[in-house]
Amino acid sequence: MATASSLLKMNGCVRLPHLAALDIKGADAEKFLQGQTSAQVSLANGFFAPLTCFCTPKGRMLANAQLLKISNEHYRLLLSTSLIDMLASHLAKFAAFYRVELQAQSSMIIVGASESANEAAQAFGLSLPERPYTHHSNAQVTALCLPGLGRWLISIENSAEQNAIEINDNEDAFNTWQLEDIRSGLAWLTAPQQDHFLPQMLNWEALGGISFKKGCYTGQEVVARAHFRGQVKKRLVRVTATANSLPQVGDTLVDEQDKAVGEVVSSAFSDKQQIELLAVASTKAIEALTPLYWQGHPLTLCDLPYAIERLDPEQLASSLVGV
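Now for a description of the structure that goes with this document. Here the residue numbers are simple positions, counted from 1 along each chain's written sequence. Restriction of local features to residues with pLDDT of at least 70 applies here, the model being predicted, together with a cutoff of 80 or more for giving and counting side-chain atom pairs; totals for whole chains, interfaces and linings are based on all residues. With hydrogens and water excluded, all non-hydrogen atoms of the structure serve as input to the side-chain values.

Some remarks on the pairing of strand S2 (residues 19-25)
To keep it simple, the criterion reads: Remark: exposure states derive from per-residue accessible area (1.4 Å probe, protein chains only) relative to the maximum for the residue type, with buried under 20%, exposed over 50%, and partly exposed in between. In DSSP terms, a helix is any run of H or I states spanning at least four residues, a strand is any run of E spanning at least two, and both are numbered starting from the N terminus. Pairs of strands are assigned from DSSP output, requiring at least two bridges between the strands.
By the criterion of burial, S2 is predominantly enclosed, with 6 of the 7 residues buried. When S2 meets strand S5 (residues 74-80), the two strands line up antiparallel, connected through 7 bridges. Across the sheet, residue Leu19 finds its bridge partner in S5, namely Ser80. Two strands pair when backbone bridges link them, and S2 and strand S6 (residues 101-104) are joined in this way by 4 bridges, in the antiparallel orientation. Paired with Lys25 across the strands is Glu101, a residue of S6.

Pasting the structure below:
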């Protein structure tokens, strides 16, 4: 099984079928998105690509995504493939009142790259962005820099153009990419867990995925109340275990009394007998250092690469001025 360090030596790009793109186009695209998403949409300026999410009126996440401005009146959301159709249907209910159209990019290929990223970008006449949460685009491809260990998402507009680069489809390569997401504390919501979590339960405000300075959007009141009143009772945590199989999304974490204290969000192998996973767990249990288990396997709590505190996307965007 590939380890995380091998990601930097892996040849070619890793196909990422779990991610897909939803485009929002039209004269009212910015105004439309502003009323639906946790991002301050104006910050998406063709270079900075804020994280964002869409919520129910009760503040529960329907999807989380990264928001890119591709051109004037053209925005793109990158999110879990399992949520594309649902989110498009959800947004279509409101889109009827705006001059916008929604389009899932079914022919788009999304790959991940590290050492080979510059070569892949150059194959399409594109330079790589160097700062996390930034992207460069042309008519063929978009390259988006991710936080953490030198990684880029490369979105190829037309699947017929994918032969311009080497794409790795093997399971170990995909596992290694997933492992780096886990070590980066980055969880993409999937269909089984939609409408389960407040955004803060996936540490979304710690990743700059929530603007607390913008106006209203669906679920905003609940999300803001949870933040300002300190009412978030569950948080995303990273844990490891010795096991030869991976948990399923939604599998339960328990304490020594077999009481449910969390659920699995994503997992990957770090070695043949070792796994790492992200789970949403009780803050009370975590702070008390309560022993946790998954199907009898003891879990070891690991650090995340960021502080669990509010990071305003406005702050991220301002740090890129002049870059």
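Notes on the pattern of salt bridges
The criterion, for reference: The term salt bridge refers to a pairing of a side-chain nitrogen on Lys or Arg with a carboxyl oxygen on Asp or Glu at a separation within 4 Å.
A full pass over the atoms with the stated rule returns 11 salt bridges. A salt bridge links Lys213 to Asp312; the shortest N-O distance between them is 3.7 Å. With Lys213 in the loop between helix H4 (171-183) and helix H5 (220-228) and Asp312 in the loop between strand S17 (297-302) and helix H7 (313-318), this pair connects stretches of sequence that are 99 residues apart. The exposure class of Lys213 is exposed, given its relative accessible area of 54%. Judged by its relative accessible area of 11%, Asp312 is buried. One salt-bridge network, held together by shared partners, links Asp23, Arg76 and Glu157.

Things to note about the state of the cysteines
One covalent bond between the sulfur atoms of two cysteine residues makes up a disulfide. Operational definition: Note on terminology: pairs of cysteine sulfur atoms within 2.5 Å are recorded as disulfides.
The full count for this structure, using the stated rule, is 0 disulfides. Not engaged in a disulfide, the cysteine Cys55 finds its nearest cysteine sulfur in Cys53; these two sulfurs lie 3.9 Å apart.

A few points about empty space enclosed by the protein
The condition that has to hold: Points on a 1 Å grid over protein atoms alone make up a cavity when a 1.4 Å probe fits among them but cannot get out, and a pocket when they form an open set with protein on both sides within 12 Å along at least five of seven lines; lining residues each have an atom within 4 Å of a point. Grid points are joined across faces, edges and corners, and a volume is the space filled by probe spheres set on the points. By the convention adopted, Pro, Cys, Tyr, Trp, Phe, Met, Ile, Leu, Val and Ala count as nonpolar, Lys, Arg, Asp and Glu as charged, and the other residues, Gly among them, as polar.
For the structure shown, the criterion picks out 3 cavities of 30 Å³ or more. Roughly 40 Å³ of volume is contained in the largest cavity. Lining the largest cavity, in full, are Ile210, Ser211, Phe212, Lys214, Gly215, Tyr217, Gln220, Val223 and Ala224. Of the residues belonging to the lining of the largest cavity, the class tally is 5 nonpolar, 3 polar and 1 charged.

Points about the pairing of strand S7 (residues 109-113)
Of all 5 residues that make up S7, 5 are buried, and the element is covered over most of its length. Note that S7 and strand S10 (residues 151-156) share 5 bridges and pair antiparallel. Note on S10: the bridge partner recorded for Ile110 is Ser155.

Let's talk about H4
Heads up, the rule is: The span one expects for a helix is its residue count, reduced by one, times 1.5 Å. N or O atoms within 3.5 Å of each other form a polar contact, as long as, within protein, one can give a hydrogen and the other can take it, and as long as residues adjacent in sequence are counted only when both atoms are side-chain atoms.
For H4, which comprises 13 residues, the first-to-last C-alpha distance of 18 Å matches the rise-based estimate of 18 Å (1.5 Å per residue) to within 8%. Of the residues flanking the start of H4, the one acting as N-cap is Asn170, its side-chain oxygen 3.0 Å from the backbone nitrogen of Asp172.

Regarding the layout of surface pockets
Volume-wise, the largest pocket comes out at about 450 Å³. As for the largest pocket, its lining consists of 22 residues, of which Phe174, Gln178, Val249, Ser266 and Ser267 are closest to the centre. Of all the elements in the fold, those that place two or more residues in the lining of the largest pocket are H4 and strand S14 (260-271). Among the residues making up the lining of the largest pocket, the classes are represented as 12 nonpolar, 8 polar and 2 charged.

A word on the side chain of Thr142
Threshold: In this description, contact between two residues means that some pair of their heavy atoms is separated by no more than 4.5 Å.
Within the secondary structure, Thr142 is located in strand S9 (residues 141-146). Among residues more than four places away in sequence, those in contact with Thr142 are Leu68, Ile70, Arg76, Leu126, His135, His136, Ser137, Leu153, Ile154 and Ser155.

Details of H5
Heads up, the rule is: Directions pointing from the helix axis toward each C-beta atom define the arc.
Listed as buried for H5 are Val223, Ala224 and Ala226. Buried residues of H5, seen end-on, are gathered within an arc of 160° and therefore sit on one face of the element. Opposite the buried face of H5, at more than 90 degrees from it, the exposed residues are Glu221 and Phe228. Looking one or two residues past H5, Gly230 carries a phi angle of roughly 60°, positive in sign.

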